[in-house]
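Descriptive structure summary
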Amino acid sequence: MAFFSKLKDRLFKSSSKIEEGLDAIVEEGGSADPETPGTPGPDITPPAEPDPVPQPPDPQPEPEPTPVPPAPEPDPAPRPDEVPPNDPGPTPGPDIPAPGPEEVPASPPDFVPAPAPQEAPAPDLPQEIPTGTPNEIPTNPGNPGRTTGFLGRLFGREEAPARAPAAPVVRRALDDDMVEQLEELLIAADMGVDTALRVTSNLAEGRMGRRMSVAEIKGLLAAEISRIMEPVARPMPLYPRKPQVVLVVGVNGSGKTTTIGKLASQFNAAGKKVIIAAGDTFRAAAVEQLQVWGDRAGVPVMKADQGTDPASLAFDAMTRAEAEGADLLMIDTAGRLQNRQDLMEELAKIVRVIRKKDPSAPHNTLLVLDATTGQNALSQVETFRKLADVSGLVMTKLDGTAKGGVLVALADKFGLPIHAIGVGEQIDDLAPFDPEDFARALTGAEA
Ligand SMILES: Nc1nc2c(ncn2[C@@H]2O[C@H](COP(=O)(O)OP(=O)(O)OP(=O)(O)O)[C@@H](O)[C@H]2O)c(=O)[nH]1
């Protein structure tokens, strides 16, 4: 079964929720527009001057990765938040081939380039570390050559039956009532009150009184959401530091183990040497599950006896990763939020211990969030930002949830990079986050 037809079955329920709501809103108080039969081209004029959305720090131009002679003592890898995201310049489309050959490492032929390379390489990037592809999460191992947006294909918009040519288009004049209904609809899609208000007010700005169809509103909503999401769509940055330490945190069941397995598999396929450390040493089942994922990914898993101090395992894992010249060390952690104090101490100790080996570690602290928890994801981010220095998010279980709108609220509120999204339980069900695809999928807008 083809990868995307398999995923197409797992609809992202938020879009149907928003679509149904929009139909009802426009029907109520709307009327057929006799002059514009057929499917209209959505009138997606940009809003006059939308409210500014919180932006992450201004992306600086990427430093030219000039080859440098090997330094006797390389600087510690920069912390992710110190590395300016790579500004890709005039937005390359997802189909645009990667740049010059020397910047594109050999990658498995089944890799689909992420929509916008966002690598944050350090200027002293050694030659042997590929700079182009490995930090882009490959999306479609089964379908070489497919380069259009992941979620767009997931929803198979192009396969939607065309509307009957003569069907009249219903339009409704935008008024306060309608704006309020739109707000409620977005709140119901888990976008959160603040974000829903901002999105609708930007949509309404300069358009009050204008007669709008469902397709036009979807297009405007998608443009607005995409604008909020664009700054946070950043693949996990890779640094030249060996091993690059990736600490993975999140509540129980959020998908940490699965995400580590998926990421390890993708980095391994990209030629990276990866080691996983099973840092949840208190739950035997968690360790076994991680071993299963390690086997699937073809990556070694370091374990310790049940009850061992996770920090001591992390230290041993660092020693091994250094000795073996691993590129990446991914450390799983426990997620028992009910023992918040314990967890905080446990995480702090892991960090302290690995810093004895490398003061710049961990280089990434990924918070894995379960999209089905909806608004609760916001409080998880708040909590984990206090427990650990979260550098980026992975949102799992976006397949089959009606709560995908929470991603917009997260982006709007925290501005943390969203490195990837989980769209299923299989090893290849992890995709880079594409803001435009996501916005269209969420709203049901046509491509
Ligand atoms: N549908 C779907 N299920 C997922 C996704 N990611 C993870 N899961 C499922 O979510 C459940 C929990 O995932 P785990 O990876 O075990 O979560 P965890 O955070 O490691 O859990 P603990 O080990 O209990 O802390 C498993 O049944 C996974 O198969 C996803 O993107 N989509």
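Residues numbered from 1 in each chain as written. Predicted model: local features only at pLDDT ≥ 70, side-chain atom pairs only at ≥ 80, totals over all residues. Heavy atoms only, no water.

The line we're drawing: UniProt positions are given in the numbering used here, feature names are shortened, and annotations may be inferred rather than shown by experiment.
For the protein, the name recorded in an unreviewed UniProt entry is Signal recognition particle receptor FtsY, with Pseudooceanicola nanhaiensis as its organism. UniProt lists a comment for the protein under the heading Sequence similarities (unreviewed entry), and it reads "Belongs to the GTP-binding SRP family. FtsY subfamily." The annotation that UniProt attaches to the protein under Catalytic activity (unreviewed entry) is "GTP + H2O = GDP + phosphate + H(+)".

1. A word on the overall build of the protein
Cut-off, in case you're wondering: Numbering of helices and strands starts at the N terminus; helices are DSSP runs of H or I of at least 4 residues and strands are runs of E of at least 2. Exposed residues in this analysis have more than 50% of their type's maximum accessible area, buried residues have under 20%, and partly exposed residues fall in between, with area computed by a 1.4 Å probe over protein chains only. Pairs of residues are marked as contacts when any of their non-hydrogen atoms sit within 4.5 Å. Here the accessible surface of atoms and residues is derived via Shrake-Rupley with a 1.4 Å probe, and residues count as covered only by protein chains that are part of the display.
Per the secondary structure count, the protein includes 13 helices and eleven strands. In the protein, which comprises 447 residues, the share counted as buried stands at 53%. Sequence-distant contacts in the protein: of pairs separated by 6 or more residues, those separated by 24 or more amount to 83%. For the protein, the computed accessible surface area is about 18800 Å², with 54% contributed by carbon and sulfur atoms.

2. Side note on the sheet that holds strand β10 (residues 418-422)
Our working rule: Here the rule is simple: two strands pair whenever DSSP picks up at least two bridges between them. Orientation is described by axes fitted as lines to C-alpha atoms, over the contacting stretch for helices, and by angles from 0 to 180 degrees between their N-to-C directions.
Pairing within the open sheet is mixed, and its eight strands lie in the order β6-β5-β7-β4-β8-β9-β10-β11. Edge positions in the open sheet fall to β6 (301-302) and β11 (430-432), since each of these has one partner strand only. As paired strands, β10 and β11 are joined by three bridges and run antiparallel to one another. Each bridged residue has a counterpart across the sheet, and for A420 the counterpart in β11 is P432. Running at roughly 155 degrees to strand β8 (residues 364-370), helix α11 (residues 376-387) makes contact with β4 (244-249), β8 and β9 (392-396) of the sheet. On top of the sheet, helix α12 (residues 406-414) reaches β8, β9 and β10; it is set at about 170 degrees to β9, its chief contact.

3. Some thoughts on the pattern of salt bridges
The line we're drawing: Only one rule defines a salt bridge in this text: a Lys or Arg side-chain nitrogen within 4 Å of an Asp or Glu carboxyl oxygen.
All told, the structure shown has 16 salt bridges when counted by the stated rule. With its nearest N and O atoms 3.5 Å apart, the salt bridge here joins K242 to D327. Here D327 lies in the loop between α9 (310-323) and β7 (328-332) and K242 lies in the loop between α6 (214-229) and β4, a separation of 85 residues in the sequence. Look at D327 and you get buried, because its relative accessible area is 12%. We note a salt bridge from R283 to D280, for which the minimum N-O separation is 3.9 Å. One salt-bridge network, in which partners are shared between bridges, spans K273, R320 and E324.

4. Considerations on the site of the ligand
Cut-off, in case you're wondering: Distances are taken per atom, and a residue is near a molecule or strand as soon as one of its heavy atoms is within 4 Å of it. Here a polar contact is recorded for every N or O atom pair within 3.5 Å, except that within protein the pair must consist of a potential hydrogen donor and a potential acceptor, and residues adjacent in sequence are included only if both atoms are side-chain atoms.
Neighbouring the ligand are 18 residues, the closest being G253, T257, T258, D399 and E425. A distance of 2.9 Å separates an oxygen atom of the ligand from a polar backbone atom of G255. Measuring from an oxygen atom of the ligand, one finds a side-chain N or O atom of T257 at 2.6 Å. When the ligand is considered free in solution it has 640 Å² of accessible area, and contact with the protein chains removes 82% of it.

5. Focus on the side chain of K218
Of note, K218 is situated in helix α6. For K218, a relative accessible area of 11% corresponds to the buried category. Here E19 takes part through its side chain, which lies 2.7 Å from a polar atom of the side chain of K218. Those residues in contact with K218 that sit more than four places away from it in its chain are E19, L22, T443, G444 and A445.

6. Here's the deal with the packing of aromatic side chains
Put simply, the rule reads: Stacked, edge-to-face and tilted labels apply to pairs of Phe, Tyr and Trp rings (six-membered ring for Trp) whose centres lie within 6.5 Å, assigned for plane angles under 30 degrees, over 60, and everything in between, in that order.
By the definition in use, this model includes one aromatic pair. Geometrically, the ring pair formed by F433 and F438 is tilted, given 5.3 Å between the ring centres and 55 degrees between the ring planes. Take F433 and F438: they sit in the same class, and that class is buried.

7. What to know about a negative patch on the surface
Rules: Patches were defined on residues exceeding 30% relative accessible area and lacking a salt bridge, with like-charge contacts within 9 Å and nonpolar side-chain contacts (Val, Leu, Ile, Met, Phe, Trp, Tyr) within 5 Å. All tallies of charge rest on Lys and Arg as positive and Asp and Glu as negative; His and the ends of each chain are not included. In this description, the location of a charge corresponds to atom NZ of lysine, CZ of arginine, CG of aspartate or CD of glutamate.
On the surface, E28, D176, D177, E180 and E184 cluster together to form a negatively charged patch. Inspection of the secondary structure assignment puts E180 in helix α4 (residues 176-188). By relative accessible area, which is 46% here, E180 ends up partly exposed.

8. Focus: unusual backbone geometry
Backbone torsion omega between K242 and P243 reads -10 degrees, so that peptide bond is classified as cis. The omega torsion of the bond from A361 to P362 falls at -10 degrees, within 30 degrees of zero and hence cis. Phi angles above zero are rare outside glycine, and D190 is one such case at about 70 degrees. Summarising the element assignment, D190 is placed in the loop between α4 and α5 (193-204). Backbone geometry at K397 places phi at a positive 60 degrees, although glycine is not the residue there. The residue K397 is located in the loop between β9 and α12 in this model.

9. Some points on the nonpolar core
Using the following cut-off: Working definition of a nonpolar core: buried Ala, Val, Leu, Ile, Met, Phe, Trp, Tyr and Cys residues. They are joined through side-chain atoms within 4.5 Å.
Within the largest apolar cluster, 82 residues are counted, with the highest numbers of intra-cluster contacts made by I217, M229, F384, L393, M395, L407 and L410. Formed by 23 residues, the second largest nonpolar core is a distinct cluster that contains V246, A264, V274 and V287.

10. Comments concerning the pairing of β4
Within β4, six of the six residues are buried, leaving the element largely enclosed by the surrounding structure. What you see with β4 is no split at all: Q244, V246 and V248 on one side and V245, L247 and V249 on the other are buried throughout. Across five bridges, β4 lies against β7 in parallel orientation. Note on β7: the bridge partner recorded for V248 is D332.

11. Overview of the packing of α9 against helix α10 (residues 340-357)
Threshold: Should an angle fall under 35 degrees it is called roughly parallel, over 145 degrees roughly antiparallel, and 65 to 115 degrees roughly perpendicular, with every other angle called oblique. Left-handed describes a crossing in which the near helix is turned anticlockwise from the far one by less than a right angle; the clockwise case is right-handed. Polarity classes work like this: nonpolar for Ala, Val, Leu, Ile, Met, Phe, Trp, Tyr, Cys and Pro, charged for Asp, Glu, Lys and Arg, and polar for all others, with Gly in that last group.
Where α9 meets α10, the axes come as close as 8 Å, and the angle between the chain directions of the two elements is 30 degrees. Our classification of the angle between α9 and α10 gives roughly parallel. Seen from above, α9 lies across α10 with right-handed handedness. Residue-level contacts link P310, A311, A314, F315, M318, T319 and E322 of α9 to E346, K349, I350, V353, I354, K356 and K357 of α10. A breakdown of the residues in the contact of α9 with α10 according to their chemical character gives eight nonpolar, one polar and five charged.

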